[in-house]
Amino acid sequence: MADFRMFNVVILGIGFMLIFTAFTTCGNIEQTVIKSLSNSTFQGSGYNSLAIIYGVFSASNLIAPSVVASIGPRLSMIFSGLLYSGYIAVFIIPATWSFYLTSVLIGVGAAVLWTAQGNFLVLNSDANTINRNTGLFWALLQCR
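The rules we used
- Every chain is numbered on its own, with residues counted from 1 as its sequence reads.
- In keeping with the model being predicted, local features are shown solely for residues with a pLDDT of at least 70 and side-chain atom pairs are shown and tallied solely at 80 or more, while totals for entire chains, interfaces and linings include all residues.
- Hydrogens and waters are ignored; side-chain quantities use all the structure's heavy atoms.
- Going along the chain from the N terminus, every DSSP run of H or I of four or more residues is numbered as a helix, and every run of E of two or more is numbered as a strand.
- A 1.4 Å probe rolled over the protein chains alone gives each residue an accessible area, and that area as a share of the maximum for its type sets the label: buried under 20%, exposed over 50%, partly exposed in between.
- Any two residues having at least one pair of non-hydrogen atoms within 4.5 Å are treated as being in contact.
- Here pLDDT means the predictor's own confidence in every residue, given as a number from 0 to 100.
- Think of a patch as exposed residues, more than 30% relative accessible area, with no salt bridge, where like charges cluster within 9 Å and nonpolar side chains (Val, Leu, Ile, Met, Phe, Trp, Tyr) cluster within 5 Å.
- Where accessible areas are quoted, they stem from the Shrake-Rupley method and a 1.4 Å probe; at the residue level, only the protein chains shown are allowed to cover.
- Any carboxyl oxygen of Asp or Glu within 4 Å of a side-chain nitrogen of Lys or Arg constitutes a salt bridge here.
- Between N-to-C directions, angles cover 0 to 180 degrees, with each direction set by a line fitted to C-alpha atoms, over the stretch in contact for helices.
- Here a crossing is called left-handed whenever its near helix is offset anticlockwise from the far helix by less than a right angle, and right-handed whenever the offset is clockwise.
- Three residue categories are used. Nonpolar comprises Ala, Val, Leu, Ile, Met, Phe, Trp, Tyr, Cys and Pro, charged comprises Asp, Glu, Lys and Arg, and polar comprises the others, including Gly.
- We call Phe, Tyr and Trp rings a pair once their centres come within 6.5 Å, taking the six-membered ring for Trp, and we label the pair stacked below 30 degrees between planes, edge-to-face above 60, and tilted otherwise.

1. Thoughts on the overall build of the chain
No. 1: A tally of regular secondary structure across the chain gives six helices and zero strands.
No. 2: Going from the N terminus to the C terminus, the chain shows its helices and strands as α-α-α-α-α-α.
No. 3: Along the three orthogonal principal directions, the C-alpha set of the chain runs to about 55 × 30 × 20 Å.
No. 4: Expressed as a percentage of its 144 residues, the buried residues of the chain come to 40%.
No. 5: A separation threshold of at least 6 residues defines the contact pool for the chain, and within that pool the share at least 24 residues apart is 80%.

2. Some details on the confidence of the model for the chain
No. 1: Taken as a whole, the chain shows an average pLDDT of 93; of its residues, 98% reach a score of 70 or greater.
No. 2: Averaged over each element, pLDDT in the chain is lowest for helix 1 (residues 2–36) (90) and highest for helix 3 (residues 64–71) (98).

3. Comments concerning a nonpolar patch on the surface
No. 1: A surface patch of nonpolar side chains, about 390 Å² in accessible area, is lined by I71, L75, I78 and L82.
No. 2: Here the nonpolar patch takes three residues from helix 4 (residues 73–89), the largest share from any one element.
No. 3: Note on placement: L75 falls in helix 4.

4. Concerning the packing of helix 2 (residues 46–60) against helix 5 (residues 96–123)
Helix packing for two helices is described by the angle between their axes and how far apart those axes are.
No. 1: Their axes nearest at 7 Å, the elements helix 2 and helix 5 cross at an angle of 35°. As helix 2 runs across helix 5, the sense of the crossing is right-handed. Taken together, the residues of helix 5 that come into contact with helix 2 (itself represented by G46, N48, S49, I52, I53, V56, F57 and S60) are F99, Y100, S103, V104, I106, G107, V108, A110, A111 and W114.
No. 2: A per-class count over the contact of helix 2 with helix 5 returns twelve nonpolar, six polar and no charged.

5. Description of the packing of aromatic side chains
No. 1: Applying the stated criterion across every chain yields a total of 17 aromatic pairs.
No. 2: Ring centres of Y87 and F91 lie 6.2 Å apart, and the angle between their planes is 90°; this geometry places the pair in the edge-to-face category.
No. 3: Note on Y87: relative accessible area 0%, which makes it buried.
No. 4: Between the aromatic rings of F137 and W138, the centroid separation amounts to 5.4 Å while the plane-to-plane angle is 80°, which identifies the pairing as edge-to-face.
No. 5: Judged by its relative accessible area of 37%, W138 falls in the partly exposed class.
No. 6: Linked through ring pairs, F16, F20, F23, F42, Y84, Y87, F91, F99, Y100, W114, F137 and W138 together constitute an aromatic cluster.

Structural data, given as structure tokens:
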């Protein structure tokens, strides 16, 4: 049982590492990519996008625990991971409306994702392993 729970924590850490490697890279270069677009109809700003993401993230933390309690941490993380993928995919065919819409959606998804992560980590730990599992998760997350 303990090995399976530790395996879950390792998979959680690797999954978050992959998601946030992509998201952080996208966030760091999005303004440069936007400025280099030859599309005259796109009027988005990477700075505005990040402001929207983190503003909605802050507000969505009020509803995230209810969402995770309703659908469970695994389904919450899957749903949120898809929202992160959608945000990154917006750069394939950029449009202003989709860029800002996915910024709002990823803000909600981030609140649900981090709440689900905490819940999942606790469910796969006990009083003796919570410190080890938390350290393992954060070590894997920071490998990016």
